[in-house]
Structures are given as structure tokens and as C-alpha cells.
Amino acid sequence: ITLQWREVPCIERNGDIIGYTVRYSISGSNITLRHYSDIVATLVELIPFANYSIEVAAVNINGTGPFSTPVYMRTDGDTPSGTPQEITILDTTSTEITLQWREVPCIEQNGDIIGYTVRYSISG
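As a starting point, this report considers the structure included with it. As the structure is a computational prediction, the values presented were derived from the model and not from experiment. (Residues numbered from 1 in each chain as written. Predicted model: local features only at pLDDT ≥ 70, side-chain atom pairs only at ≥ 80, totals over all residues. Heavy atoms only, no water.)

**What to know about the overall build of the protein**
We apply this condition: Under the scheme used here, helices are H or I runs from DSSP no shorter than 4 residues and strands are E runs no shorter than 2 residues, and both carry numbers assigned from the N terminus. C-alpha atoms define the radius of gyration, and 2.2 Å times the number of residues to the power 0.38 defines the globule rule. Residue exposure (1.4 Å probe, protein chains only): buried if accessible area is under 20% of the type maximum, exposed if over 50%, otherwise partly exposed. Under the convention used here, a 1.4 Å probe and the Shrake-Rupley method define accessible areas, while residue burial counts only the protein chains that appear.
Along the protein, the regular secondary structure elements total one helix and nine strands. Against the globule reference of 14 Å for 124 residues, the protein gives a C-alpha radius of gyration of 24 Å, more extended than a compact globule. With respect to the three principal axes, the spread of C-alpha positions in the protein is 80 × 20 × 20 Å. The buried share of the protein, taken over its 124 residues, is 23%. With an accessible surface of roughly 9700 Å², the protein has 51% of that area assigned to carbon and sulfur atoms.

**Overview of the pattern of salt bridges**
Operational definition: A pairing counts as a salt bridge when a side-chain nitrogen of Lys or Arg comes within 4 Å of a carboxyl oxygen of Asp or Glu.
Enumeration according to the criterion identifies three salt bridges in this entry. When the shortest N-O distance is used, the salt bridge between R13 and E7 registers 3.1 Å.

**Observations regarding the nonpolar core**
Filter applied, for reference: Residues belong to a common nonpolar core when they are buried Ala, Val, Leu, Ile, Met, Phe, Trp, Tyr or Cys residues joined through side-chain atoms within 4.5 Å. In what follows, residue pairs with any heavy atoms lying within 4.5 Å of each other are defined as contacts.
Formed by 15 residues in total, the largest nonpolar core has its most connected members in L3, W5, V22, L43 and I54. Counting only elements with at least two residues in this core, the list comes to β2 (17–26) and β5 (51–60). Apart from the residues within four sequence positions on either side, V22 is in contact with W5, T32, L33, R34, Y36, A41, L43, I54, E55 and V56.

**Observations regarding the environment of S25**
Among the secondary structure elements, S25 is positioned in strand β2. A C-alpha to C-alpha distance of 8.4 Å links S25 and N51, two positions 26 residues apart in sequence. Contacts of S25, omitting those with residues within four sequence positions, involve N30, I31, N51, Y52 and S53.

**Observations regarding the side chain of T75**
Here is the rule: In protein, a polar contact means a hydrogen-donor-capable atom and an acceptor-capable atom, both N or O and within 3.5 Å, with residues adjacent in sequence counting only if both atoms are side-chain atoms; elsewhere, any N or O pair within 3.5 Å suffices.
Tracing the chain through its elements places T75 in the loop between β7 (71–74) and β8 (85–92). For T75, the side chain forms a polar contact with the main-chain nitrogen of A50, separated by 3.0 Å.

**Here we look at the pairing of β8**
Each regular strand shows side chains that alternate between the opposite faces of the sheet. As a reminder of what qualifies: Pairing between two strands is assigned when DSSP locates at least 2 bridges connecting them.
A small share of β8 lies buried, amounting to zero of its eight residues. Bridge analysis of β8 against strand β9 (residues 97–102) gives five bridges, and the strand direction is antiparallel. Note that in β9 the partner of I89 across the bridge is L99. Here β8 hands over to β9 after four residues, the two strands then running antiparallel side by side.

**Considering the side chain of N60**
Tracing the sequence through the fold places N60 in strand β5. A distance of 2.8 Å separates a polar atom in the side chain of N60 from the backbone nitrogen of N62.

**Some points on the packing of aromatic side chains**
Counted only if it meets this: For Phe, Tyr and Trp, where Trp contributes only its six-membered ring, two rings pair if their centres lie within 6.5 Å, and the inter-plane angle classes them as stacked under 30 degrees, edge-to-face over 60, or tilted in between.
This structure, assessed with the given rule, holds three aromatic pairs. With a centroid separation of 5.4 Å and an interplanar angle of 65°, the aromatic rings of W5 and Y20 are classed as edge-to-face. Of this pair, W5 sits in the loop between β1 (2–4) and β2 while Y20 sits in strand β2; the two residues are 15 residues apart in sequence, bridging distant segments of the chain. Judged by relative accessible area, W5 falls into the buried class, the value being 12%. Ring plane angle 55° and centroid distance 6.2 Å describe the contact between Y24 and Y52, whose orientation is recorded as tilted.

Structure (C-alpha cells):
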């Protein structure tokens, strides 16, 4: 995610701005703080298909000012990082095998699962 913001108005600076702190998190997770010297920031190593809350505060020699109103952003999806769980054979005939499985755990789906691919081979 790349974000950009406007500089703090001169009347509200209380001194020279020396940088900015960006605070971001996924709901219910630890807060991450990153420091930037410009009014543009690129947040990296984010979790795919996750909703982030992002806030920015200006910093001067006296410390960090108040954080902005949060903005909310969802990262793009990615391929699943996990596999289907508990694969079981329910039935077999001379020409068919019926399988059942539990879906990929939510945290590893990285987006909406739109289908599954079953791969098989003949052995023996």
C-alpha cells in the first residue's frame, strides 16, 4: 500500500516538522509504527487480503503530534498459502472415487476460494 498525505498547516506545526510516523494494524493485531521523512510512504510485507487501519502523525523536535483519523484499506488477494484439510475418501467404485475435505484455513486463504483442483495419477 502506498499512501500520501498533506503537510500539517503552518499554524498547527508548533515547530519544524522533522518526519512522520505511520501507525497501522489489522483489527485485533499488534500495531506497527514506521517513521518517514517525506509525505509519501509505502507499507510493505503486509498480509494478503487483510483490512488495515492506517493513521499518520507529524513529528517535530518536541515529539509526535496527534494521529490522523484512520483510513481503512484492504490489501489485494494472493494464491492460497495453505492446503485443504482432512482429505477423506468417502466412496469408491470401479471408475470413481468420491473425496471430501475441509476448506483451507481462513488465515491461509488469502482471498476468496473460487474452486479446487484435484490432481491424481494411476500407480502400479
